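Close look at the chain arrangement
Residue strings, one per chain:
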Amino acid sequence: MPDTIHYGNMMHRAMRGLIAEVLQDVADNGLPGEHHFFITFDTQHPDVEMADWLFDRYPEEMTIVIQHWFDGLVVAPEGFQITLNFGDNPEPLSVPFDAIRTFVDPSVEFGLRFESHDEDDTDIVELPDLDLTELVSTPKSDDTAPATPVVEEKAADVVSLDSFRK
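Residues numbered from 1 in each chain as written. Predicted model: local features only at pLDDT ≥ 70, side-chain atom pairs only at ≥ 80, totals over all residues. Heavy atoms only, no water.

**Examining the confidence of the model for the chain**
The following threshold applies: pLDDT measures how confident the predictor is about each residue, on a scale from 0 to 100. In this description, contact between two residues means that some pair of their heavy atoms is separated by no more than 4.5 Å.
Summarising the model, the chain shows a mean pLDDT of 78, and 69% of its residues fall at 70 or more. Counted against residues more than four places away or in other chains, residues 117-155, with its pLDDT under 50, gives 53 contacts.

Right under this line is the structure:
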């Protein structure tokens, strides 16, 4: 039994699960409204599959945009496959969730960043500085509607995983 709880690793799994859930919803229902994604991934990851000419052009990392045209989005427990258009040339990609470095949906100012470290390191998530009194307020209740918390929009905070490292 380990002598510590590896919160960083648990958080990475949870964040990758969120990405998988979002992508599965898009595969099932398409992109809603103005949503679109910028996904940056490590092209050196051993399970990334892409055309040689793309790898030659992006030997370390690549950012893809899922927005207007994409095809064949398939989400699996370990990653996703998608065909994207590169200069009128459709190319299939296979990206494991472990290779993702950033996931951003600029339409709602949401972003995740995964920091890569040696396997012995424990990844810790930096929580953004939030003043909860500014984010949540309860409207006055009236007879027609129950009181529910209202969350006001705030500028996007990209999660960084380095701040709590020893």
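**A word on the sheet that holds strand S2 (residues 61-66)**
Heads up, the rule is: We treat two strands as partners when DSSP finds at least two bridges between them. Working definition: helices are DSSP H or I runs of at least four residues, strands are E runs of at least two. Numbering for both runs from the N terminus. For helices, the axis comes from a line fit to the C-alpha atoms of the stretch in contact; other axes are also lines fit to C-alpha atoms, and the angle between any two N-to-C directions lies between 0 and 180 degrees.
Strands sit in the order S2-S1-S6-S7 across an open sheet of four strands; the sheet is antiparallel. This sheet does not close on itself; its edge strands, each paired only once, are S2 and strand S7 (110-113). The mean inter-strand angle of the sheet, taken between neighbouring strand axes irrespective of direction, is 10 degrees.

**Details of the nonpolar core**
Rules: By nonpolar core is meant a set of buried Ala, Val, Leu, Ile, Met, Phe, Trp, Tyr and Cys residues that side-chain atoms within 4.5 Å join together. Relative accessibility decides the category of a residue: with a 1.4 Å probe and only protein chains considered, values under 20% of the type maximum give buried, values over 50% give exposed, and everything between is partly exposed.
Counting residues in each nonpolar core, the largest one holds 29 residues, and the members touching the most others are Phe80 and Leu93. Those elements that provide at least two residues to this core are helix H1 (7-29), strand S1 (37-42), S2, strand S3 (70-76), strand S4 (79-85), strand S5 (90-96) and strand S6 (100-105). The dominant element in this core, judged by the number of residues it contributes, is H1, at five residues. Contacts of Phe80, omitting those with residues within four sequence positions, involve Leu23, Ile39, Ile64, Leu73, Val74, Val75, Leu93, Ser94, Val95, Phe97 and Ile100.

**A few points about the packing of aromatic side chains**
Any two aromatic rings considered together are summarised by their centre-to-centre distance and by the angle between their planes. Under the convention used in this document: In this analysis, rings of Phe, Tyr and Trp, with Trp reduced to its six-membered ring, are considered paired at centre separations within 6.5 Å, and the interplanar angle assigns stacked below 30 degrees, edge-to-face beyond 60, and tilted for intermediate values.
The full count for this structure, using the stated rule, is three aromatic pairs. With a centroid separation of 6.2 Å and 90 degrees between ring planes, the pair formed by Trp53 and Phe86 is classed as edge-to-face. One end of the pair, Trp53, is in helix H2 (residues 52-57); the other, Phe86, is in the loop between S4 and S5, and 33 residues separate them in sequence. In this structure Trp53 comes out as partly exposed when scored by relative accessible area, which is 34%.

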